[in-house]
Amino acid sequence: MLNDYLSEVRDIVSCNIRDVIGNSNLIEEAMNYSALADSKMIRAGLIFASSEINQYLNINSKITLATSLELIHTYSLIHDDLPSMDDDNFRRGKKANHIVYGEANAILAGDALQSLAFEIIANDSDLNSSDKVQAINLLTKAIGKNGMVYGQHLDIESEKRRVSQNEIEDIHMLKTGLLIECSIMFGQIGNQNKEELDLLRIFGKNIGLAFQIIDDLLETTSDKETLGKNIDSDKKNNKSTYVKIIGAESANKRANELKEHAISQLQNVRSDKVSLLIDLAKYITTRKN
Ligand code: GRG
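One numbering rule holds for all chains: residues counted from 1, following each sequence as written. Local features in a predicted model are, by the rule used here, given only for residues with pLDDT of at least 70; side-chain atom pairs are given and counted only at 80 or more, and totals for whole chains, interfaces and linings are based on all residues. Water and hydrogen atoms play no part in the side-chain values, which are based on all heavy atoms of the structure.

S.K.: Describe the pattern of salt bridges, with residues and values.
M.R.: Close approach of charged atoms lets side chains of opposite charge pair. Throughout this description, the term salt bridge denotes a Lys or Arg side-chain nitrogen within 4 Å of a carboxyl oxygen of Asp or Glu. One pass over the structure, following the stated rule, counts 18 salt bridges. Here K229 makes a salt bridge to D215, at a shortest N to O gap of 3.2 Å. Pair noted here: K229 is in the loop between α11 (224-227) and α12 (233-236) and D215 is in helix α10 (residues 194-221), with a separation of 14 residues, a long-range link. Accessibility classification places K229 together with D215 in one group, the buried group. Notably, a salt bridge pairs K253 with E257, separated by 4.0 Å at the nearest N-O pair. With K253 and E257 both in helix α14 (residues 248-265), this residue pair falls four residues apart, about one helical turn. A network of salt bridges, in which partner residues are shared, links D86, D155, E159, K175 and K239. Helix and strand definitions here come from DSSP, where helices need a minimum of 4 consecutive H or I residues and strands a minimum of 2 consecutive E residues; each element is numbered from the N-terminal end. For every residue, the accessible area obtained with a 1.4 Å probe (protein chains only) is divided by the maximum for its type, and the residue is called buried under 20%, exposed over 50%, and partly exposed between those limits.

Structure, rendered in structure tokens:
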């Protein structure tokens, strides 16, 4: 059921990614190479599931917002793999972008994916101006100098020293969690109910952190083929990970606590359509890739 749902989301969003990127030059080719590679599109799935609970967004705007977020996520992965970042040569089951297109073009493809993510929100014909400002605000806060980019900086910094559990939670929250939280809030664009928004924000925050803890765990328990990326990356870069700091068992326990805390928020959301969000929260802590 959830697999069918995610597969449908992937089909719809991939189709739009193809349309908005186009294919008329090498940078567009490099953008397509990574954006259309095999991926879970969990963030797009979360946007659709979040919007399901109160239906403020129409289908076109859901597709725009889901595409925008997946473009940003792809940009972050391309840049994350660069020699100056994590220096990885394999991503989404194939050679990393810079291995195929060269470092300069990979940087440019990432940059272009980022600007395109904002362009498609600005050009959406169904969102009103205030919705667009809200979406752009949510996204810039999640990915900018106090969000994902800063998380990446702290992550690189953490290679040189031992960090505490609190510090690693902060890094994970910034680097990965905020974009997942943003997915939940994207699904709520148009909702003015502050109480409901607060509950859903906490839901997003908790599953976002759980997602990265499971990512750390999978690097130690899974294999390159299943994950579609190198499994020795954290070790090679001497990265501080949740598993390294508190051990695999405690990390798994913490991820499950976060999932339960997330799901408990939904009890106070007045909607009978929260089951997809619950299923996605469970999927995040049981996923195999
Ligand atoms: C600005 C030069 C410059 C670089 C920024 C911001 C950044 C680089 C990197 C962000 C940090 C990052 C890549 C976090 C990764 C989080 C994560 C768990 C990625 C994997 O996500 P999945 O499992 O992957 O959803 P798929 O391939 O399924 O989409």
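S.K.: Could you give me a rundown of the nonpolar core, with the residues and numbers involved?
M.R.: Ranked by size, the top nonpolar core spans 86 residues in total, and within it Y5, L65, I72, L139, F186 and I207 carry the most contacts. Looking at this core, the element that brings in the most residues is α10, giving 12 residues. Not counting the four nearest positions on each side in its chain, F186 is found in contact with I47, L57, L65, S68, L69, I121, A135, L138 and L139. Among the buried residues, those of types Ala, Val, Leu, Ile, Met, Phe, Trp, Tyr and Cys that are joined through side-chain atoms within 4.5 Å form a nonpolar core. For this analysis, residues touch if any pair of their heavy atoms sits within 4.5 Å.

S.K.: Which residues make up the packing of helix α4 (residues 59-80) against helix α7 (residues 129-143), and what values do they have?
M.R.: The convention used is that axes are lines fitted to C-alpha atoms, helices contributing only their stretch in contact, and that angles between N-to-C directions extend from 0 to 180 degrees. The contact between α4 and α7 brings their axes to 12 Å, and the two run at 20°. Judged on the interaxial angle alone, α7 and α4 are roughly parallel. Between α4 and α7 lies a crossing whose hand is right-handed. Between α4 and α7, the contacting residues are L65, S68, L69 and I72 on the first element and A135, L139 and I143 on the second. Put simply, angles under 35 degrees are roughly parallel, angles over 145 are roughly antiparallel, angles from 65 to 115 are roughly perpendicular, and the rest are oblique. Should the near helix be turned counterclockwise from the far one by less than a right angle, the crossing is left-handed, whereas a clockwise turn marks it as right-handed.

S.K.: Tell me about the packing of α7 against helix α9 (residues 165-186), residues and numbers included.
M.R.: At their nearest, the axes of α7 and α9 sit 9 Å apart, and the two run at 170° to each other. If you check the angle between α7 and α9, you find them roughly antiparallel. Counted together, A135, L138, L139, K141, A142 and I143 of α7 and L178, L179, C182, M185 and F186 of α9 form the full contact between these two elements. Lys, Arg, Asp and Glu make up the charged group, whereas Ala, Val, Leu, Ile, Met, Phe, Trp, Tyr, Cys and Pro make up the nonpolar group; the residues left over, Gly among them, are polar. Looking at the contact of α7 with α9 residue by residue, the class counts come to 10 nonpolar, no polar and one charged.

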